[in-house]
Each structure stands twice: as C-alpha cells, then as structure tokens.
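Residue strings, one per chain:
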Amino acid sequence: MTLIDNSIFFVKKQLENAEGGHDWFHIERVYKNALLIAEGEDCDLTVVKLGALLHDIADSKFHNGDETVGPKTARLFLESQQVEEAIIQHVIAIIENISFKGGNFEKKFSSKELEIVQDADRLDAIGAIGIARAFNYGGFKNRALFNPEIKPNKNMSKEEYKKNNSPTLNHFYEKLLLLKDKMNTETGKKIALERHQYMEDFLSQFYAEWDGKK
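Residues numbered from 1 in each chain as written. Predicted model: local features only at pLDDT ≥ 70, side-chain atom pairs only at ≥ 80, totals over all residues. Heavy atoms only, no water.

Engineer: What is the right way to look at the side chain of Thr-168 in this model?
Structural biologist: Assignment of secondary structure puts Thr-168 in helix α9 (residues 168-174). With a relative accessible area of 4%, Thr-168 lands in the buried category. Every residue in contact with Thr-168, bar those within four places of it in the chain, is listed here: Ala-134, Phe-135, Gly-138, Arg-143, Ala-144 and Leu-145. (Helix = DSSP H or I, 4+ residues; strand = E, 2+ residues; numbered from the N terminus. Buried < 20%, exposed > 50% of the residue type's maximum accessible area, 1.4 Å probe, protein only. Contact = heavy atoms within 4.5 Å.)

Engineer: I tried to follow the environment of Arg-75 on my own but got confused; where do I start?
Structural biologist: Relative to the helices and strands, Arg-75 is located in helix α4 (residues 69-80). With relative accessibility at 25%, the residue Arg-75 sits in the partly exposed group.

Engineer: Which parts of the structure should I look at to understand the packing of aromatic side chains?
Structural biologist: Remark: the centre distance and the inter-plane angle together describe each pair of aromatic rings, the angle taken between the planes. This structure, assessed with the given rule, holds eleven aromatic pairs. Geometrically, the ring pair formed by Phe-202 and Phe-206 is tilted, given 6.0 Å between the ring centres and 50° between the ring planes. Of this pair, Phe-202 and Phe-206 both sit in helix α10 (residues 186-210), four residues apart, roughly one helical turn. The exposure class of Phe-206 is buried, given its relative accessible area of 14%. (Phe/Tyr/Trp six-rings, centres within 6.5 Å; stacked < 30°, edge-to-face > 60°.)

Engineer: What should I look at first to understand α10 in this one?
Structural biologist: Side chains of residues three or four places apart in an α-helix project in the same direction, reflecting 3.6 residues per turn. For α10, which comprises 25 residues, the first-to-last C-alpha distance of 36 Å matches the rise-based estimate of 36 Å (1.5 Å per residue) to within 8%. Of all the positions in α10, only Gly-188, Ile-191, Ala-192, His-196, Met-199, Leu-203, Phe-206 and Ala-208 are classed as buried. The secondary structure elements touched by the buried residues of α10 are α2 (24-38), α6 (112-123), α7 (127-140) and α9. Directly after α10, the chain includes Gly-212, whose backbone phi takes a positive value near 70°. (Expected span 1.5 Å × (residues − 1).)

Engineer: For this particular structure, what's the right way to read the packing of α4 against helix α5 (residues 85-97)?
Structural biologist: For the pair α4 and α5, the least separation of the axes is 10 Å and the interaxial angle reads 155°. In terms of axis orientation, α4 runs roughly antiparallel to α5. Remark: the crossing between α4 and α5 carries right-handed chirality. Of the residues in α5, those touching α4 at Gly-70, Pro-71, Ala-74, Arg-75, Leu-78 and Glu-79 are Glu-85, Ile-88, Gln-89, Val-91, Ile-92, Ile-95 and Glu-96. (Axes fitted to C-alpha atoms, helices over the stretch in contact; angles between N-to-C directions. Parallel < 35°, antiparallel > 145°, perpendicular 65-115°, else oblique. Left-handed = near helix turned anticlockwise from the far one by under 90°.)

Engineer: Just checking my understanding: could you explain the packing of helix α3 (residues 45-54) against α5 for this structure?
Structural biologist: A pair of packed helices is characterised by two quantities: the angle between their axes and the separation of those axes. In contact at an axis separation of 9 Å, α3 and α5 are set at 45° when each is read in the N-to-C sense. Classified by the angle between their axes, α3 and α5 sit oblique to one another. Judged by the sense of rotation from one axis to the other, the crossing of α3 with α5 is right-handed. Along its contact with α3, which presents Val-47, Leu-50, Gly-51 and Leu-54, the element α5 presents Ile-87, His-90, Val-91, Ile-94 and Ile-95.

Engineer: How do you make sense of unusual backbone geometry when you look at a structure like this?
Structural biologist: Glycine aside, the phi torsion of most residues is negative, and most peptide linkages are trans. A positive phi angle, close to 55°, is found at Gln-82, a residue other than glycine. Tracing the chain through its elements places Gln-82 in the loop between α4 and α5. Look at Asn-142: it is not a glycine, yet its phi comes out positive at around 55°. Taking the relative accessible area as the measure of exposure, Asn-142 reaches 71% and is therefore exposed.

Engineer: For this particular structure, what's the right way to read the pattern of salt bridges?
Structural biologist: Two side chains carrying opposite charge are able to pair once their charged atoms lie near each other. If you walk through the whole model with that rule in mind, you get nine salt bridges. For Lys-13, the salt bridge identified is with Glu-16, shortest N-O distance 3.8 Å. Across the salt bridge formed by Glu-186 and Lys-189, the nearest N and O atoms sit 3.6 Å from each other. One end of the pair is Glu-186 and the other is Lys-189, both in helix α10 and three residues apart, which spans about a single turn. With relative accessibility at 58%, the residue Glu-186 sits in the exposed group. Linked by salt bridges that have partners in common, Arg-29, Asp-124 and Arg-133 make up one network. (Salt bridge = Lys/Arg side-chain N within 4 Å of Asp/Glu carboxyl O.)

Below, the structure is given as structure tokens:
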C-alpha cells in the first residue's frame, strides 16, 4: 500500500470511536475539500494530503485540552512510515497551527499547504454540515440549544475558548459566522460564501420558530 493508503487506514483505526463531528467522515470531507482547493494552488500535494488526513488525529478537546497529543501521534506514525523529516515537520506545523482557537490565535507558521488544509477544515465547519456538526457536538457536551440570556462572547482568549460551554447557537457568532472572512484561498473563499449564506438563512428560520412566528 502507498503512504496515503496507510495513512487512511491508520486514521480510520484511530478515530473509529470518535464523536460524530470529528470522526473519519470529517477527515474524509476535509481531505476531499483540500484536494479540490489544491487544484488551483502551487503546493506540495503530499504534504496537503498528509496534513488533511492527520490534522485531527487527536483533537485536544477530546484529550483534556492537551495540544501535544496530536503532533506526537502524527510524528510516531509518519516516522513508522519512513517519511522524510522535512515533510514530518511540515505536517506537524499544520496540525499545530490549523485550529481556530477563539480567533485570537496568532499562527507561528505559514505555508501554502497550511492555508489549503485550514480552508478545507473550515469549510467543513460551515454550511449544512457545519450546522449539523455544531449541534452534534453540543449534544455530546449536553449544551443548551439556545438561551437568549447568555450572549455570545466574540473576544475570548484561547483558554476561554477551550473552556467555553455556552449554548450551541452562540458558537455560530463565536466562530462559524467568522470563518468566511478568514479563508486563505480563492477557492475556499468562493465556497465559503454560499455556505455562510446557508447558515444565515438557518438562523433567521431558527429565531422565527423560537419566537413562534412560523
């Protein structure tokens, strides 16, 4: 099997019991998004593929906030595949810098490959699937759907964002609706526009139903 085949097998095994919004199917969607975006970019496709496949191999939110588990897990796997060190370091840098983290996180690394994988991951956080993932995770954490008395906090620090336990609808204002303007690539920006509008329409319908207007 090829390196990518082995990576897919490894990720599927690692995430077989993962929460529904961060499972293998999330990885597969991000992988497909990344390949689509990469078509219009000058990039190292191997790094893009590995970055997309391994970006959520051990999400810190499921490991008591420990952000070192993912990079360590990815490194051990890539070393077992005899991947050259330069590629390993690049993939690790993507994993360490891809997350939103409250929107106030300054990336310590930049590359075209990171931009592609980051856009691909963000596209899966918006639109119809983004809405489904938000409420799936909210249910997983037993969060309220909506509470008009709890206002969104758009200026959270990285630590506040990680510990945030507000109603799921607040997540739209704290992250999801902000992603459209944070896309890196032209393809990412174009796709994000449509998915962003879908979320706006959903919110309008949600509030109308909440207030008994429809």
